[in-house]
Amino acid sequence: MHKGKGMKFVGDSRISSERKSNIPKDYSEYPGRTEAFWPNFLLKEWLAGSVFLVGFLSMTLAHPAPLEKMADPTAAGYIPLPDWYFLFLYELLKYDFASGPYILFGIIIIPGLAFGGLLLAPFLDNGPGRRPHQRPIAVGMMLLALTSTIWLTYKSASHVDWEQRADANKPVPPSEEVQIDKESEGYALYENNCMSCHGEDMGGTAGPALIGIDYSADEIATIAKEGIGSMPPGQFSGSDEELQKLADFIVSVNEQ
Amino acid sequence: MLQKIYDWIDERIDITPIWRDIADHEVPEHVNPAHHFSAFVYCFGGLTFFVVVIQILSGMFLTMYYVPDIENAWRSVYYLQTEVAHGQIVRGMHHWGASVVIVMLLLHTLRVFFQGAYKKPRELNWIVGVLLFFTILGLGFTGYLLPWDNKAYFATEVGLNIAQDVPIIGDEIKTLLSGDEEIVGAQTLARFFAIHVFFLPAGLFALLGVHFILIRRQGISGPL
């Protein structure tokens, strides 16, 4: 680089006005068959990358990304499972020495030793030799960690019936959810007379759901007055006109 | 014409040295699969980066449809999956890419480990690499919640309960991540979205930059 007196700059900038030639370095004196990255090697890399991308896209097309039902915090009995690359940590916590009173072993000490060892590997394995047989302890620890991780992942994944899980949790299209107009007169009547048993969203609580029922407005009006099955009579209190509005409202929700 | 544009830019900002630093370096024989096929193990790092680029691009397109609130998150993903042209492919790339990046990262780590390539003078780059590993696991954990389906919700709840068991700072970690001491809900989704889309990628870019600069300064490790 040119230094000292006599330097010329572009305008008032610090860019030198002397142009250097733009010729790639000469790699012919490097040992072995060294190649320039640009453009020789990049072309080959580009080809390998394209093959990889085609393979990846084919896999993506063959297996659409899964999506389960919308999250429902009240869904009791749902067995949670993390993504596959966290299964080994999840499985570890099922062992007696890593759960309950020894939970700290499972969440801090064992993963901490493993990942801490990984992070500090260059300082723990600081001998000069690079070949695996020159550093048996480091290689042995890594093989042990690798085998345990694969074993734990296998143990965790092998007893899961993945197809059954996917079938039981198929997404429900939003169009099949009914819209309930909670501002309507009919809903106000529903709120006063039916909601305590049939739920805020007509999904049922003590009584059955009122969505997906196959009754006419007149039949609903009769049931509201006289009851059905374990539903006692006299649940509805109001005028006949209001009864008609309530029945029409319930029918209108079911027509969606 | 192109040469003139290049010269015009070069005269003003002296681009040639920058260009040299980025593109002009040698590929030694022992890492070149064209000469030794077994050198394909040296591709894992580059492929990891390639998949990370796929993740960034597909993720950018996903945010054009995704809505990070509990009422609409699942619906927006469902809409993207079923209605949007090629939405299924873009989401598929992001979903499967998350797994492929972990696999490639694992293979790259094992290559470097078993070759002892982290030994002096490359200790610092190994540490940066392991931090990258943690960052990408974090991206996997936070991204899992975003579709807001049952799988996402319950796995995150378990993850947060595990974080809560950490001594002394457990409750604080859980509150920091989920936005509330008790509820896994609207706040949690917003936090995970912010972490997944802004915080962790920022860390990822910084670490990747350091990783690559160190490789260029030190050169790739020699043959065994």
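### Focus: empty space enclosed by the protein
In this structure the tally under the stated criterion is 1 cavity of 30 Å³ or more. A volume near 30 Å³ is recorded for the largest cavity. As for the largest cavity, its lining consists of R19(A), K20(A), D10(B), D14(B), T16(B) and P17(B). Class assignment of the residues belonging to the lining of the largest cavity gives a composition of 1 nonpolar, 1 polar and 4 charged.

### Here we look at the side chain of R91(B)
Assignment of secondary structure puts R91(B) in helix α5 (residues 87-114). For the buried R91(B), which has no salt bridge, the nearest side chain bearing the opposite charge is D149(B), at an N-O separation of 5.7 Å. Leave out the neighbours within four places in its chain, and R91(B) touches A65(A), P66(A), L67(A), L62(B), V77(B), L80(B), Q81(B) and P147(B).

### Looking at the packing of helix α7 (residues 150-164) of chain B against helix α8 (residues 170-178) of chain B
Residue and element names in this part refer to chain B. Following both chains from N to C, one finds α7 and α8 inclined at 150 degrees, their axes separated by 7 Å at the closest point. It follows that α7 is roughly antiparallel to α8 by the angle criterion. For the pair formed by α7 and α8, the contact residues are L160, N161, A163 and Q164 on the first element and G170, D171, I173, K174, L177 and S178 on the second.

### A few points about the nonpolar core
Formed by 26 residues in total, the largest nonpolar core has its most connected members in I136(B) and L204(B). Of all the secondary structure elements, the ones that give two or more residues to this core are α1 (37-62) of chain A together with α3 (43-62), α5, α6 (123-145) and α9 (186-218) of chain B. If we skip the residues at most four places from it in the chain, L204(B) touches V52(B), L132(B), T135(B), I136(B) and L139(B).

### Describing a nonpolar patch on the surface
Residues and elements named next belong to chain B. Where nonpolar side chains cluster on the molecular surface, the patch consists of F49, V53, L57, M60, F61, M64, Y65, Y79, F212 and I215 and spans about 950 Å² of accessible area. Elements that contribute at least two residues to the nonpolar patch include exactly α3 and α9. The leading source of residues in the nonpolar patch is α3, at 5 residues. Mapped onto the elements, I215 comes out in helix α9. Owing to a relative accessible area of 35%, I215 belongs among the partly exposed residues under this scheme.

What counts, and at which threshold
- Residues numbered from 1 in each chain as written.
- Chains lettered and ligands numbered in written order.
- Predicted model: local features only at pLDDT ≥ 70, side-chain atom pairs only at ≥ 80, totals over all residues.
- Heavy atoms only, no water.
- 1 Å grid on protein atoms, 1.4 Å probe; cavity = no way out; pocket = protein on both sides within 12 Å on 5 of 7 lines; lining within 4 Å.
- Points joined across faces, edges and corners; volume = space filled by probe spheres on them.
- Nonpolar A, V, L, I, M, F, W, Y, C, P; charged D, E, K, R; others polar.
- Helix = DSSP H or I, 4+ residues; strand = E, 2+ residues; numbered from the N terminus.
- Buried < 20%, exposed > 50% of the residue type's maximum accessible area, 1.4 Å probe, protein only.
- Lys, Arg positive; Asp, Glu negative; His and termini not counted.
- Salt bridge = Lys/Arg side-chain N within 4 Å of Asp/Glu carboxyl O.
- Contact = heavy atoms within 4.5 Å.
- Axes fitted to C-alpha atoms, helices over the stretch in contact; angles between N-to-C directions.
- Parallel < 35°, antiparallel > 145°, perpendicular 65-115°, else oblique.
- Core = buried A, V, L, I, M, F, W, Y, C linked by side-chain atoms within 4.5 Å.
- Patch = residues over 30% accessible without salt bridge, like charges linked within 9 Å, V, L, I, M, F, W, Y side chains within 5 Å.
- Areas by Shrake-Rupley, 256 points an atom, 1.4 Å probe, with all protein chains shown as cover.

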